[in-house]
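The chain contents come next:
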Protein chains: 2
Amino acid sequence: MQTSQAKARSASSSTTGLGSVGLVQPQHFRCDHPITLQCGKTLPHYELVYETYGQLNAARSNAVLVCHALSGHHHAAGYHREDERKPGWWDACIGPGKAIDTNRFFVVSVNNLGGCHGSTGPKSHNPDTGKPYGPDFPIVTVRDWVNSQYQLMQHLEIPSWAAVVGGSLGGMQVMQWAIDRPPLVRNAVVIAAAAKLSAQNIAFNEVARKAILSDPDFRDGHYYEHDTYPKVGLSLARMLGHITYLSDAGMREKFGRELRDGAISFDFDVEFQVESYLNYQGEAFSRSFDANTYLLMTRALDYFDPAEEYDHDLARALSQAQTRFLVLSFTTDWRFSPERSREIVEALLAARRQVTYAEIDCPQGHDSFLINVPRYTSLFRAYMNAIDLDGGPH
Amino acid sequence: MQTSQAKARSASSSTTGLGSVGLVQPQHFRCDHPITLQCGKTLPHYELVYETYGQLNAARSNAVLVCHALSGHHHAAGYHREDERKPGWWDACIGPGKAIDTNRFFVVSVNNLGGCHGSTGPKSHNPDTGKPYGPDFPIVTVRDWVNSQYQLMQHLEIPSWAAVVGGSLGGMQVMQWAIDRPPLVRNAVVIAAAAKLSAQNIAFNEVARKAILSDPDFRDGHYYEHDTYPKVGLSLARMLGHITYLSDAGMREKFGRELRDGAISFDFDVEFQVESYLNYQGEAFSRSFDANTYLLMTRALDYFDPAEEYDHDLARALSQAQTRFLVLSFTTDWRFSPERSREIVEALLAARRQVTYAEIDCPQGHDSFLINVPRYTSLFRAYMNAIDLDGGPH
């Protein structure tokens, strides 16, 4: 039923924009191997929800793993329902003829462990208590995600990834894959990422966490049982995050100093369009995302530092990799600025790894990686199209 | 008594650092002229608390007005008590031999209307209700501050300011003085400021406001009556503000990714030094500052746009000024970047006004204006020392 709908949607792709993967449906993978996490705790079993786009070829050589960022999930492309207003979060880059061309690649997109969109996470049933895990869900790291994604890879009988790709926190997973599982990654695409957070990055995360943790409706993370959620705290966290995803220039272009009602009202109600926009974004997000997951994701970001176990030498860490790299950054990204991408590129060069680097000039800041910026998507597509699917490393 | 202590402190300045103004005490000015504010409301009378440093000369030509920023107040230099740990907020720039040399100038530093350090503001008695104003204190603007400072100027019988000086929001007051009261300002020193907030600046203010307004202890601004205060909301606002006052580079230098206890603990407690620092700063600030005043100050920032009434032409607005300008910015300031200062300089040049501009290369971000950065303070001092006190415009 879903499949025939998907075909219908695909056939009528002119109504939803060219290059849509059409209707898709999530799949579930239950892993019965226990996973011991970096924090020392073990989950006896867990479930991952994922989507796939395109067809796995006979040689099983065309699989691409897409890793999501802080607020992402498995639904990266296409639509779940005919009447869905928005496609998956990376529809700008995944689909027939797009950067990750589903006519060519078999794309796997997974909701990370600890997530709130179907994979085992804080909202899931804790077998020890009979209640949702809530704040007792263990802290997960980028390495834990790579390990759980590896189990899915085995389940799907994929011998190696043609590419592992991701932006922001997704790009960090790409680096960890290349370092931890060198033979399994034939290409690594790291977009708008950093080799570790700066003090400023951590500082923003801490303000976001404090907003959530101090919201009375957070109830020490046990809000599910009280049939509530920390709406204000999570809204604040998202508003703050959102400012860091856009650029000063981009916000100026989009909102300037436009007033919502045309004139100053001399009070603390929403007056400027940018306030209105941020409040809307914050509230919408607080309804659709889980606060405990948000906390976990920010800690995964804070802790990511693959160079640490290599004497803080990023080149030594990346010298583990056997893959070719594409590294992309955006000029107006101040969350993970081009300088942070150049650190990765310089480490790769020092490690004598093959790397293509481009800095894309556009005003949309960190969020650029999600958007169809022509210079970005065409460069990304050219790289992906050059990947050799005949089994060689590239 | 205070005066003899002040002399003692001044004499023993070697223990407190050279160039201290020593012990100082606040003074009070009650203005019985009603003030009609830009919002349309009128205060029948009000009080301003201020300090002065140095001596007014016989010609009354050496008075300098210091304007404070968001969280500032009248106590800009020296000490209130012998055992006070920290001097006034601009002690780096005010004192004998310093940029604003109190051997030469008579410095007036005032707590703005709406403040929480002694001037009439939300904590003050509202004659209409018999209770503190709280959220009913009218919204004040930069122009309102200039108007109230003008009353103090008349009270002190100062015919014109040798200079009006300020950083950040203080620099905005300097511009407004130069535009609104041209003959009364002989020099204008605008440091780390902007001609108006950008959408990103407003966005940060909005998140700060939302944190305060949504704190249950804010109680719609009537927290005084409930013997509480919005500790969490104001802490969050300050933490966020603090991130924007520092630079990414400066935070990296100061904190890097240092862990407070040396090892990761895999939880949401404070782990990194930068988190610890921010939490400390936020909580300390929430105890010493008033949330209703914080809200007012952020709105004064948002609304500031002196070009608006001149067809959004900043050069036309600044062509009202008759004064010489010194404009200073700091390379790592991303709250009000050098680009924002250059907008002011370009408008001044277009208005054929005399302006000296310098961009100071230092890592401390927006907060640089408060710090003894030698290239900054020596340039500032050189400009101030060249001011003619014989009654000519400069």
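Residues numbered from 1 in each chain as written. Chains lettered and ligands numbered in written order. Predicted model: local features only at pLDDT ≥ 70, side-chain atom pairs only at ≥ 80, totals over all residues.

### Quick look at the overall build of chain A
For the record, the criterion: A run of DSSP states H or I qualifies as a helix once it reaches four residues; a run of E qualifies as a strand once it reaches two. Both are numbered from the N-terminal end. Radius of gyration: C-alpha atoms only; globule rule: 2.2 Å multiplied by the number of residues to the exponent 0.38. Contact definition: two residues whose C-beta atoms, as placed from backbone geometry, lie within 7 Å.
Helix and strand counts for chain A stand at 11 helices and 14 strands. Against the compact-globule benchmark of 21 Å for 394 residues, chain A has a radius of gyration of 21 Å, which places it among compact chains. Once the C-alpha set of chain A is aligned to its principal axes, its extents read approximately 65 × 55 × 50 Å. Within chain A, residue pairs in contact and separated by at least 24 positions form 70% of the contacts whose partners lie at least 6 positions apart.

### Brief notes about the interface of chain A and chain B
Quick reminder of the rule: Any residue that is not Ala, Val, Leu, Ile, Met, Phe, Trp, Tyr, Cys, Pro, Asp, Glu, Lys or Arg is counted as polar, Gly included; the first ten are nonpolar and the last four charged.
Residue-level contacts link 41 residues of chain A with 41 residues of chain B. At the level of secondary structure, the elements contributing two or more residues to the side of chain A that touches chain B comprise helix 4 (199-213), helix 5 (231-245), helix 6 (248-254), helix 7 (273-288) and helix 8 (291-303) of chain A. When residues of the side of chain A that touches chain B are assigned to their parent elements, the largest contribution, 11 residues, is made by helix 4 of chain A. Across the side of chain A that touches chain B, the residue classes tally to 25 nonpolar, 4 polar and 12 charged.

### Some words on the pairing of strand 10 (residues 187-191) of chain B
Residues and elements named next belong to chain B. How we decide: Whether a residue is buried, exposed or partly exposed follows from its count of other C-beta atoms within 10 Å of its own C-beta, namely 20 or more, 12 or fewer, or something in between, respectively; the C-beta atoms are built from the backbone. Two strands pair under a simple rule: DSSP has to find at least two bridges between them. The handedness rule is simple: strands pointing away from the viewer, and a clockwise path from the first strand over the helix to the second, make the crossover right-handed.
Of all 5 residues that make up strand 10, 5 are buried, and the element is covered over most of its length. Because side chains alternate across strand 10, one face comprises the buried residues N187, V189 and I191, and the other comprises A188 and V190, equally buried. In this sheet, strand 10 lies alongside strand 9 (residues 163-167) in parallel orientation, the contact comprising 4 bridges. Note that in strand 10 the partner of G166 across the bridge is V190. With helix 4 (residues 169-180) bridging strand 9 and its parallel neighbour strand 10, the resulting β-α-β unit is right-handed.

### Side note on the relation of the copies chain A and chain B
Which entries qualify depends on this criterion: Copy-to-copy superposition: least squares on the C-alpha atoms, limited to residues that have pLDDT of at least 70 in both copies.
Once turned by 180° and shifted 0.0 Å along the axis, chain A lies on chain B with an RMSD of 0.0 Å. Taken together, the rotation angle and the small translation identify this as a two-fold axis.

### A closer look at helix 2 (residues 142-155) of chain A
Residue and element names in this part refer to chain A. Counted only if it meets this: What a helix is expected to span follows from its residue count: subtract one and scale by 1.5 Å.
Between the first and last C-alpha of helix 2 there are 20 Å, a value that for 14 residues agrees with the 20 Å anticipated at 1.5 Å per step. Listed in full, the buried residues belonging to helix 2 are V142, R143, D144, W145, V146, N147, S148, Q149 and M153. Check the buried side of helix 2 and you find it contacts strand 2 (35-36), strand 4 (46-53), strand 5 (63-67), strand 8 (106-110), helix 3 (169-180) and helix 8. Count one or two residues on from helix 2 and you reach E157, which has phi positive near 55°.

### Observations regarding unusual backbone geometry
For D311(B), which is not a glycine, the phi torsion comes out positive at approximately 55°. Mapping D311(B) onto the fold places it in the loop between helix 9 (291-303) and helix 10 (314-318).

### Some points on the sheet that holds strand 8 of chain A
Residue and element names in this part refer to chain A. Note the threshold: Angles here are taken between N-to-C directions and fall from 0 to 180 degrees, while the axes themselves are lines fitted to C-alpha atoms, restricted in helices to the stretch in contact.
Read across the sheet, 8 strands follow the order 1-4-8-5-11-12-13-14 without closing on themselves; strand pairing throughout is mixed. Lying at the two open borders of the sheet, with one neighbouring strand each, are strand 1 (27-31) and strand 14 (355-360). Neighbouring strand axes in the sheet, compared pairwise and without regard to direction, differ in orientation by 20° on average. Sheet topology places strand 4 next to strand 8; 4 bridges connect them, and they run antiparallel. Looking at strand 8, one finds that E51 is bridged to S109. Across the sheet, helix 10 (residues 338-350) touches strand 12 (187-191), strand 13 (324-330) and strand 14, and the angle it forms with strand 13 is around 160°.

### Things to note about the nonpolar core
As a reminder of what qualifies: Here, a nonpolar core means buried Ala, Val, Leu, Ile, Met, Phe, Trp, Tyr and Cys residues linked by C-beta atoms lying within 7 Å of one another. Domain start and end points were adopted from an automatic or database domain assignment.
Ranked by size, the top nonpolar core spans 243 residues in total, and within it V64(A) and V64(B) carry the most contacts. Here this core spans two domains, and each of domain 1 (2-198 + 306-385) and domain 2 (199-303) of chain B adds at least three residues to it. Discounting chain neighbours no more than four positions away, the residues touching V64(B) are I100(B), F105(B), F106(B), V107(B), V108(B), W161(B), A162(B), A163(B) and V165(B).

### Side note on the environment of V140(A)
Residue and element names in this part refer to chain A. With respect to the secondary-structure elements, V140 resides in the loop between strand 10 (131-132) and helix 2. Residue V140 is classed as buried on the basis of its 28 C-beta neighbours within 10 Å. When the C-alpha atoms of V140 and A300 are compared, they prove to be 6.3 Å apart, with 160 residues separating the residues in sequence. Those residues in contact with V140 that lie beyond four places of it in its chain are L37, L113, G114, W145, L296 and A300.

### With respect to the sheet that holds strand 9 of chain B
All names here are of chain B. Spatially, 1-4-8-5-9-10-11-12 is the arrangement adopted by the 8 strands of the open sheet, whose pairing is mixed. If you trace the sheet from one side to the other, it starts and ends with strand 1 (27-31) and strand 12 (355-360), each paired once. Neighbour-to-neighbour, the strand axes of this sheet turn through a mean angle of 20°, independent of strand direction. Of the strands in this sheet, strand 1, strand 4 (46-53), strand 5 (63-67) and strand 8 (106-110) are in contact with helix 3 (residues 142-155), which crosses strand 4 at around 60°. In the packing of helix 11 (residues 338-350) onto the sheet, contacts are made with strand 10, strand 11 (324-330) and strand 12, and the angle to strand 11 comes to roughly 160°.

### A closer look at the pairing of strand 14 of chain A
All names here are of chain A. Note that strand 13 and strand 14 share 6 bridges and pair parallel. Paired with S329 across the strands is E359, a residue of strand 14. Between strand 13 and its parallel partner strand 14, the chain crosses via helix 10, and the hand of that crossover is right-handed.

### Digging into the packing of helix 3 of chain B against helix 4 of chain B
All names here are of chain B. Heads up, the condition is: In what follows, roughly perpendicular refers to angles from 65 to 115 degrees, roughly parallel to angles under 35, roughly antiparallel to angles over 145, and oblique to any angle outside these ranges. Note on convention: near helix rotated counterclockwise from far helix by under a right angle means a left-handed crossing. Clockwise means right-handed.
Taken N-terminus to C-terminus, the directions of helix 3 and helix 4 make an angle of 70°; their axes are 9 Å apart at the nearest point. Comparing the axis directions of helix 3 and helix 4 gives the class roughly perpendicular. As for the relative orientation of helix 3 and helix 4, their crossing is right-handed in sense. Mapping the contact onto sequence places V142, R143, W145 and V146 in helix 3 and M172, Q173, Q176, W177 and D180 in helix 4. Within the contact of helix 3 with helix 4, the residues separate by chemical class into 5 nonpolar, 2 polar and 2 charged.

### Looking at the environment of R381(B)
Residue and element names in this part refer to chain B. The residue R381 is located in helix 12 (residues 374-385) in this model. On the basis of neighbour counts, which here come to 16 C-beta atoms within 10 Å, the residue R381 falls in the partly exposed class. The spacing of R381 and F325 is 56 residues in sequence and 14 Å in space, taken between C-alpha atoms. Beyond its immediate sequence surroundings of up to four residues, R381 is in contact with K98 and A99.

### A word on the environment of Q173(A)
Residue and element names in this part refer to chain A. With respect to the element layout, Q173 can be found in helix 3. Considering only alpha carbons, one finds Q173 and H68, 105 residues apart in sequence, at a separation of 8.6 Å. Apart from residues lying up to four places away in sequence, Q173 is in contact with C67, V142, W145, V146 and G166.

### Observations regarding the confidence of the model for chain A
For the record, the criterion: One number per residue, pLDDT, summarises how confident the predictor is, and it ranges from 0 to 100.
With 94% of its residues at a pLDDT of 70 or more, chain A shows a mean pLDDT of 93. Reported confidences for the modelled complex are a pTM of 0.94 and an ipTM of 0.93.

### Topic: helix 4 of chain B
Since the α-helix advances by 3.6 residues per turn, residues separated by three or four positions end up pointing in the same direction. Helix length check: helix 4 of chain B (12 residues) gives 16 Å between terminal C-alpha atoms against 16 Å at 1.5 Å per residue, within 8%. Residues of helix 4 of chain B that are buried make contact with strand 5, helix 3, strand 9, strand 10, helix 9 and helix 10 of chain B.

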